[in-house]
Amino acid sequence: MTAGIGHNSGRVDEPGKSWRKHVWTKARKDLIPTLPVEVVRLRVKRATELGLPYKTYAGIRASTGHDLIGFLFSNNALQVLRDGQPLPRDRAEKLAGLVRTTCAGVAHHPVTPTHLGALPGLMDAHAAPAFSDSWSAVRKQIRAMAQPADRFAIVGDTAFEREWAEAAQMAGYLRADQYFCG
């Protein structure tokens, strides 16, 4: 059985295969810049300030072309599921260790933005978009929480929160377990 037009079935058997491989390998190498060691050191330091592994930080930076300046944390990611509930110790310690990082909360009902915003490490808090909101309404609401949107990432715990990052064209989405435990 042969593959159809436009599909190479994972094999390239025609003449010139080694030359094409050489050209693609060289092009790929030329595409990835070689950064001076001082720049790498600064970026490693910035990743540490943001509480991220360097690889994650570098990926976000490469995809957006900008430095990350902050996070929107859902109350789910923070494990605060009702008003009056304190921030768990591991979450509080992680937020306390962040440097030069803007941190805001996004509160799903029944958690109120007032309660979430009063937690240590968060500078502000907002009400989460409703499940029934349109894509454009979600985009508008999330972008109002974090400007410029492509310099903030959302730390969440649900698929709905991942959609916020997509709708608002944020720098990225990080799962809570990845951010707090990774």
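Summary of the structure given here. Given the structure is predicted, the values throughout are model-derived calculations rather than measurements.

Parameters and conventions
Residues numbered from 1 in each chain as written. Predicted model: local features only at pLDDT ≥ 70, side-chain atom pairs only at ≥ 80, totals over all residues. Heavy atoms only, no water. Helix = DSSP H or I, 4+ residues; strand = E, 2+ residues; numbered from the N terminus. Buried < 20%, exposed > 50% of the residue type's maximum accessible area, 1.4 Å probe, protein only. Contact = heavy atoms within 4.5 Å. Pairing = 2+ DSSP bridges. Polar contact = N/O pair within 3.5 Å; in protein donor to acceptor, adjacent residues only side chain to side chain.

### Overview of the environment of Trp135
- Note that Trp135 resides in helix H7 (residues 135-145).
- Overall, Trp135 belongs to the partly exposed group, its relative accessible area being 43%.
- The spacing of Trp135 and Ala153 is 18 residues in sequence and 18 Å in space, taken between C-alpha atoms.
- When sequence neighbours within four positions are dropped, the list of residues in contact with Trp135 reads Glu163, Glu166 and Ala167.

### What about the pairing of strand E1 (residues 70-74)?
- With 5 of 5 residues buried, E1 lies mostly within the body of the structure.
- Side chains Gly70, Leu72 and Ser74 of E1 all project onto a buried face; the interleaved residues Phe71 and Phe73 project onto the opposite face, where all are buried too.
- Examined bridge by bridge, E1 and strand E2 (residues 102-107) share 5 bridges and lie parallel to one another. Residue pairing for E2: Leu72 is matched across the bridge by Ala104.
- As judged from the 4 bridges shared by E1 and strand E4 (residues 152-156), these two strands associate in the parallel manner. Bridge assignment links Phe73 to a residue of E4, and that residue is Val155.

### Some remarks on the side chain of Asp67
- On the secondary structure map, Asp67 appears in the loop between helix H3 (54-64) and E1.
- Overall, the relative accessible area of 19% leaves Asp67 in the buried class.
- Polar side-chain contacts of Asp67 include one of 3.2 Å to the side chain of Arg46.
- Of the polar contacts made by the side chain of Asp67, one reaches the side chain of Tyr57; its length is 2.6 Å.
- Apart from residues no more than four positions distant in its own chain, Asp67 is found in contact with Arg46, Tyr57, Arg61 and Arg151.

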